[in-house]
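Architecture at a glance
What follows is the residue order along each chain.
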Amino acid sequence: MSWKTRFVTQFPAKVPLMAAPMAGVSGGELASEACRAGALGFIAAGHMTTDSRLQELEAEIAIFRAKATKEAPLCIGWIGFSSFHTEQGFDIYERILKQQKPAVVQFFAPAISYHPTTGKSNVEIAKEIGNTKVLLQVGNVKEGEEAIAAGADGIIAQGSEGGGHGLRREVGNGTLPLAARMVKLAAAAPHKPLVLAAGGIADGRGVAAALALGCDAAVLGTRLWASKEALNKDVLKQQLVVTKSGDGVHRTRVFDQIQNVYLNPPWPEPYDSCGALRNELSEAWDGKPSELAAELSREGSTVVEEYKAASKKGDHSQAQVLAGEGVGEIESIDAAYEILMQVDKEAREVIANLPKLL
Ligand SMILES: Cc1cc2nc3c(=O)[nH]c(=O)nc-3n(C[C@H](O)[C@H](O)[C@H](O)COP(=O)(O)O)c2cc1C
């Protein structure tokens, strides 16, 4: 039986699933396997700030094109604050739209960026150049309203239980209430954008819950980071299997406070927090931003150098391992195609069983 949600009728997908763009994790191989399973598979552009970053993205796109069928939609996700920090970032964006002709583009942190000279938004540019579908990822209702007003084709409601960067806990919403509200607001808008739920969804039960709320699709991040095709260090990936529940995850500012010492541009407030596995470093400093700031500015502090060395080595007691609260449902590192087929099957079973509750 085929799905009938608007995601499969209006977007180039066969199942109501999206493989999130995850910087450093989602390359051409993961995206092409997601497409093979009928989902939208994203390649992460991440911080698309320089021509060398563009070359890395082009290499992943080449892998995608070599592995995927000709019809498979190219989908690319940008991190806004860094990619559009300068006019050069907009030039690179326009070049990608013209040369690679992606079917769908996605943006977050922030979802909307304006060209410093023309004043045009990233959404307008995508529509003008390629009539490309645009998804905007938001973390609270205010951001969601702005994304609807900007003309997005779809809104991704990213709850604070999600893995990776997102709004600070104090300004972000949970996945269920945010998605529920966005469904109502989107339905009331003239162009009726789609709504996707993201954050803490790691199996078919979560997908069925998102669809029951009125969402058109669900986004999987952490579940696919724990896939064979995901890039990044295996030793860190393995921690997603070792962690037995969401108790092992927190939304913390610790890693961003440390990384912001050397990142240019730094992650800006309110996006300077992430869902990550608890470890010795994050437990030591979580909830103590002033103390950590004092330590980072102290002459002779070794925190940054130790953190860099641990990240390079893949020492998970110190390094950042991004993960959402659904991590407990992950029992093994599997092929992305198998994960998505299993999640799809499970969602269908859950939905088929629901009438028995009445
Ligand atoms: C390792 C990792 C990297 C991520 N990188 C990005 C990114 O580059 N761009 C983006 O829009 N979202 C990124 N996210 C967030 C995802 O888009 C998505 O909102 C989130 O993973 C959903 O929650 P879940 O991890 O619980 O499934 C990342 C998430 C993870 C786990």
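Residues numbered from 1 in each chain as written. Predicted model: local features only at pLDDT ≥ 70, side-chain atom pairs only at ≥ 80, totals over all residues. Heavy atoms only, no water.

**Some points on the packing of aromatic side chains**
This is how the line gets drawn: Here is the rule: rings of Phe, Tyr and Trp (six-membered ring for Trp) pair when centre to centre is within 6.5 Å. Planes less than 30 degrees apart are stacked, more than 60 are edge-to-face, and the remainder are tilted. What counts as a helix is a DSSP run of H or I of at least four residues, what counts as a strand is a run of E of at least two, and both are numbered from the N terminus. Exposed residues in this analysis have more than 50% of their type's maximum accessible area, buried residues have under 20%, and partly exposed residues fall in between, with area computed by a 1.4 Å probe over protein chains only. Here, a charge over a ring is recorded when the distance from Lys NZ or Arg CZ to the ring centre is within 6 Å and its angle to the ring normal is within 35 degrees.
In this structure the tally under the stated criterion is nine aromatic pairs. With centroids separated by 4.6 Å and ring planes inclined at 50 degrees, the aromatic side chains of F81 and W267 adopt a geometry described as tilted. Taken as a pair, F81 in helix 4 (residues 80-83) and W267 in the loop between helix 13 (254-259) and strand 11 (273-277) lie far apart in primary sequence, 186 residues in all. Each member of the pair, F81 as well as W267, is classed as buried. Here the guanidinium or amino end of R36 rests over the ring plane of Y337, the centre of that ring lying 3.9 Å away. The ring of F11 has K133 sitting right over it, with the charged end atom 5.4 Å from the ring centre.

**A look at the packing of helix 3 (residues 51-67) against helix 5 (residues 87-100)**
The condition that has to hold: Axis definition: a line fit to C-alpha positions, over the contact stretch in the case of helices; interaxial angles, taken between N-to-C directions, run 0 to 180 degrees. Put simply, angles under 35 degrees are roughly parallel, angles over 145 are roughly antiparallel, angles from 65 to 115 are roughly perpendicular, and the rest are oblique. Should the near helix be turned counterclockwise from the far one by less than a right angle, the crossing is left-handed, whereas a clockwise turn marks it as right-handed. In what follows, a contact means two residues having at least one pair of non-hydrogen atoms within 4.5 Å. Following the grouping adopted for this structure description, the nonpolar residues are Ala, Val, Leu, Ile, Met, Phe, Trp, Tyr, Cys and Pro, the charged ones are Asp, Glu, Lys and Arg, and the polar ones are all others, Gly among them.
Packing of helix 3 against helix 5 brings their axes to within 11 Å, and their N-to-C directions diverge by 20 degrees. The angle between helix 3 and helix 5 falls in the class roughly parallel. In this structure, helix 3 crosses over helix 5, and the sense of that crossing is right-handed. Here helix 3 contributes D51, L54, L57, E58, I61 and R65 to the contact with helix 5, which in turn contributes Q88, I92, R95, I96, Q99 and Q100. Partitioning the contact of helix 3 with helix 5 into residue classes produces five nonpolar, three polar and four charged.

**Focus on the site of the ligand**
We apply this condition: By convention in these notes, a residue is near a molecule or strand provided one of its non-hydrogen atoms lies within 4 Å of it. Two N or O atoms count as a polar contact when they lie within 3.5 Å, although within protein this holds only if one can serve as hydrogen donor and the other as acceptor, and sequence-adjacent residues are included solely when both atoms are side-chain atoms. The Shrake-Rupley method, run with a 1.4 Å probe sphere, supplies the accessible areas, and residue values consider only the shown protein chains as cover.
Near the ligand, the surroundings consist of 23 residues, among which A23, Q106, G200, G221 and T222 are the closest. Separating an oxygen atom of the ligand from a side-chain N or O atom of Q137 is a distance of 3.1 Å. Measuring from an oxygen atom of the ligand, one finds a backbone N or O atom of G221 at 2.9 Å. The protein chains hide 97% of the 590 Å² of surface that the ligand would expose on its own.

**Some words on unusual backbone geometry**
Residues A109 and P110 are joined by a peptide bond in cis, for which omega reads -5 degrees. With respect to the helices, strands and loops of the structure, P110 is situated in the loop between strand 4 (104-108) and helix 6 (122-130). A cis amide bond links N264 to the next residue, P265, at an omega of -5 degrees. By the element assignment, P265 lies in the loop between helix 13 and strand 11. The phi dihedral of N131 is positive, around 50 degrees, even though this residue is not glycine. Following the sequence through the fold, N131 ends up in the loop between helix 6 and strand 5 (133-138).

**Regarding helix 8 (residues 175-188)**
Each turn of an α-helix holds 3.6 residues, which means side chains three or four residues apart point in the same direction. Rules: Given the number of residues in a helix, its expected span is that number minus one, multiplied by 1.5 Å. It is the directions from the helix axis to the C-beta atoms whose arc is reported.
The terminal C-alpha atoms of helix 8 lie 20 Å apart, and with 14 residues this matches the ideal 20 Å at 1.5 Å per residue to within 8%. Along helix 8, the residues classified as buried are T175, L178, A179, M182, V183 and A186. Buried positions in helix 8, seen along its axis, are confined to an arc of 140 degrees and lie on one side of it. Exposed residues on helix 8 whose side chains face more than 90 degrees from its buried face are L176, P177, K184 and A188. In this fold, the buried residues of helix 8 make contact with strand 5, helix 7 (141-149), strand 6 (154-158) and strand 8 (194-198).

**Overview of the side chain of N279**
Take N279: it is sitting in the loop between strand 11 and helix 14 (280-285). Within the structure, N279 has its side chain in polar contact with the backbone oxygen of A319 (distance 2.7 Å).

**Considerations on the sheet that holds strand 6**
Note the following rule: A pair of strands counts as paired when DSSP detects no fewer than two bridges linking them.
As summarised here, the arrangement of the eight strands in space is 1-2-3-4-5-6-8-9, forming a closed barrel in which the pairing is parallel. Direction aside, the axes of adjacent strands within the sheet are offset by 25 degrees on average. Relative to strand 9 (residues 217-220), strand 8 is paired through three bridges, and the arrangement is parallel. Counted as the bridge partner of A198 is V219 from strand 9. With respect to the sheet, helix 7 is in contact with strand 5 and strand 6, its orientation differing from that of strand 5 by roughly 165 degrees.

**A word on the domain arrangement of the chain**
For clarity, the cut-off: Residue ranges labeled as domains rest on an automatic or database domain assignment. Buried area: the sum, over both parts, of the accessible surface (1.4 Å probe) that disappears when the two are put together. One side-chain nitrogen of Lys or Arg within 4 Å of one carboxyl oxygen of Asp or Glu is enough to make a salt bridge.
In terms of domains, the chain is made up of domain 1 (6-229 + 332-357) and domain 2 (235-313). A C-alpha centroid distance of 25 Å is found between domain 1 and domain 2. At the junction of the two partners, domain 1 supplies 26 residues and domain 2 supplies 19 residues. Approximately 2000 Å² of surface area, both sides summed, lies buried where domain 1 meets domain 2, with 64% of it carried by carbon and sulfur atoms. For the pair domain 1 and domain 2, the number of links is two salt bridges. A salt bridge links E269 to R168; its shortest N-O distance comes to 3.7 Å.

**A word on the pattern of salt bridges**
Considering all chains together, one arrives at 19 salt bridges under this definition. As a salt-bridge pair, D51 and R95 come within 3.3 Å of each other at their nearest N and O atoms. With D51 in helix 3 and R95 in helix 5, this pair connects stretches of sequence that are 44 residues apart. On the basis of relative accessibility, which here comes to 31%, the residue R95 falls in the partly exposed class. With a closest N to O distance of 2.7 Å, D272 and R168 form a salt bridge. In this pair, D272 is assigned in the loop between helix 13 and strand 11 and R168 in the loop between strand 7 (164-166) and helix 8, connecting sequence segments 104 residues apart. Across this residue pair, the class does not change: D272 and R168 are buried.

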